[in-house]
Amino acid sequence: MATATHKIPVKALIFDMDGTMIDNMMIHHRAWQKKLKELGLEMTLDEVKRDIHGVNSEIIKRLFGDRFNEEEIAQIAWDKEAAYREIYADKIKMLPGLQQFLDTAKALQIPMGIGTAAPKENAEFAVEALHLEPYFQTVVHSDMVDRGKPDPQVFEMVAARLQVDLKDCLIFEDSPTGAKAAANGNAQAIILNTTHTQDEFAHIEQIKHFMLDYRDLILTKEDGKFYLHV
């Protein structure tokens, strides 16, 4: 295990889901690429990785303008996410070290929540498949917010439900858009480099640490306060 060199005070932990708790972004990228091709829009995987982020309805409107009505947008999003769940059902697993990290956090009684841009069905799919219910006090998904990341609304809702100020939360993210949402909420972030390289986050402040998985993280409780050592 790597030697801990930095001590971060925290009152609560907030996790993005896709690419942060599970390494599933390439499956999402391929599902989007296939669906967009059906709609007449050819995109390379690099283009999908760069441009496809946020809430599904916002993505579709950004790419196609007013070509589709609300009902059609909802159907497109549903088809894409259903394909994702079917592909991923027998492959889903947590990133290395996350199970142990969650067990430690639960034992220390650190408040934890999930704030994801995924739709309700995907959030429930992951929580149930990975047996995450005992660890998280709340899960906020895209169907519950009006504004997608980089707006911090999803994280603000999680923090409010945990009864902790967002600025006192530590957010785990994997994307520049999610990291920007954390920064816009004046919260500190730790980045999982499952999907994006470190240099893609150069313009974003308040990032405390970059990592590939959770294996080298240490949590402690000292004098009634929680600390993450990285």
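Scroll up for the structure.
So, a few notes on the structure that sits alongside this text. (Residues numbered from 1 in each chain as written. Predicted model: local features only at pLDDT ≥ 70, side-chain atom pairs only at ≥ 80, totals over all residues. Heavy atoms only, no water.)

**What to know about the pattern of salt bridges**
For the structure shown, the criterion picks out 15 salt bridges. Here Lys 61 and Glu 70 are joined by a salt bridge, their closest N and O atoms 3.1 Å apart. Here Glu 70 falls in the exposed class, since its relative accessible area comes to 52%. Close ionic contact of Arg 215 with Asp 213 constitutes a salt bridge, the shortest N to O distance being 2.7 Å. Classification of Asp 213 as buried rests on a relative accessible area of 14%. One network of salt bridges, with partners in common, ties together Lys 34, Lys 35, Glu 38 and Asp 79. (Salt bridge = Lys/Arg side-chain N within 4 Å of Asp/Glu carboxyl O. Buried < 20%, exposed > 50% of the residue type's maximum accessible area, 1.4 Å probe, protein only.)

**A look at unusual backbone geometry**
In this model, Lys 149 is joined to Pro 150 through a cis peptide bond whose omega is 20°. A positive phi angle, near 60°, is found at Asn 186, a position not held by glycine. Turning to its location among the elements, Asn 186 is positioned in the loop between helix H8 (176-184) and strand S6 (188-192). Residue classification places Asn 186 among the partly exposed positions, given a relative accessible area of 45%. Although it is not a glycine, Gln 206 adopts a positive phi angle of roughly 70°. Looking at the element boundaries, Gln 206 is found in the loop between S6 and strand S7 (207-211). (Helix = DSSP H or I, 4+ residues; strand = E, 2+ residues; numbered from the N terminus.)

**Re the sheet that holds strand S1 (residues 7-10)**
Read across the sheet, 3 strands follow the order S1-S9-S8 without closing on themselves; strand pairing throughout is antiparallel. Every interior strand has two partners, whereas the edge strands, S1 and strand S8 (218-222), have only one. For this sheet, the mean angle separating the axes of adjacent strands, direction not counted, is 30°. Pairing geometry for S8 and strand S9 (residues 225-229), over 5 bridges, is antiparallel. Of the residues in S9, the one forming a bridge with Lys 221 is Phe 226. Helix H5 (residues 98-108) rests against S8 and S9 of the sheet, and its axis sits at about 10° to S8. (Pairing = 2+ DSSP bridges. Axes fitted to C-alpha atoms, helices over the stretch in contact; angles between N-to-C directions. Contact = heavy atoms within 4.5 Å.)

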